[in-house]
Amino acid sequence: PAPPLTTRPSLEYQHAFDLCAVEARHEEGAVAVFAASHFYARELLKRLDGIECRLVPIGGWCSSTGDIGELLGPEVNQVNVETFERFNVPTNIALWAEPQMEDGPQVLKHIAQLLLPGAKLYVVVSDWLAAFLPEWRREDRRPGRRSAGLRRTLSWLRQAHFDVEKPYGFHGPCSILWGFASRGLARLGRDDWADRCHFQMRAQYVVRGRQALFAPVAVAVARRK
């Protein structure tokens, strides 16, 4: 089994996983987690400690409960590992990380069949700027194969007749510019102005709507009709 990707995810992913975990704890019943790699499964499940979760690995990275302990590490307690064929328990909430170009619509079709009417689906999506994050710089240990991106994911959700809310983006365009300014001023020895720019970067870190299309990591929120 592959070792963990990083000891701690990038801040963009931390925000995305925390948002999913907070929303999942507001719902009743088991949480269905559809994960494209052990990285996503591990980070989501350890934030859902104490909640009944059903994990559906996507992409063949895990096929049995016996493999799960070594793949996810000691921070994740025992979890039910399911397949789409065996998973027949309707759920109020599902987390999906992350849609892939090869099978995104097919996976979404299976997920929709497992959701109760009115159930919410939170989708963690990496876009093209995620290529600069540590998780995506190692070819042999990437968290996914070919991410579908936010724009295509939103299109798939609408085509599958989901009601789609404004997506969340983490480290949006304004935040990125403030970050560049902070680092540039720090190199010039102006730590006072660098700190001000850094605070602005953090203050504008989370965006919603169109700006999320230009963030490295986003969360699409959809409700099954």
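Throughout what follows, the structure given in this document is the object of discussion. (Residues numbered from 1 in each chain as written. Predicted model: local features only at pLDDT ≥ 70, side-chain atom pairs only at ≥ 80, totals over all residues. Heavy atoms only, no water.)

## Notes on helix 7 (residues 191–203)
Piece 1. Between its first and last C-alpha, helix 7 extends 18 Å over 13 residues, near the 18 Å set by a 1.5 Å rise per residue.
Piece 2. Here helix 7 has its buried residues at Ala-194, Cys-197 and Met-201. Projection of helix 7 onto a plane perpendicular to its axis shows the buried side chains occupying an angular sector of 65 degrees, all on one side. With respect to the buried face of helix 7, the exposed residues turned more than 90 degrees away are Phe-199 and Ala-203.
Piece 3. Its buried side turned inward, helix 7 meets helix 6 (173–187). (Helix = DSSP H or I, 4+ residues; strand = E, 2+ residues; numbered from the N terminus. Expected span 1.5 Å × (residues − 1). Buried < 20%, exposed > 50% of the residue type's maximum accessible area, 1.4 Å probe, protein only. Arc of directions from axis to C-beta. Contact = heavy atoms within 4.5 Å.)

## Some words on the pattern of salt bridges
Piece 1. Tallied over the entire structure, the rule returns ten salt bridges.
Piece 2. One salt bridge in this structure joins Lys-120 and Glu-165, with 3.2 Å as the shortest N-O distance. Here the residue Lys-120 occupies a position in strand 5 (residues 115–126), and Glu-165 occupies one in the loop between strand 6 (162–164) and strand 7 (168–170), the gap between them amounting to 45 residues.
Piece 3. For Asp-163, the salt bridge identified is with Lys-225, shortest N-O distance 3.7 Å. Taken together, the residues span a long stretch of sequence, with Asp-163 in strand 6 and Lys-225 in the segment after strand 9 (217–224) at a distance of 62 residues.
Piece 4. Overall, the relative accessible area of 40% leaves Asp-163 in the partly exposed class.
Piece 5. Ionic contacts of the salt-bridge type, sharing partners, join the residues Asp-18, Arg-42, Glu-43, Lys-46 and Arg-47 into one network. (Salt bridge = Lys/Arg side-chain N within 4 Å of Asp/Glu carboxyl O.)

Everything listed here is a matter of geometry and, on its own, says nothing about what the molecule does.
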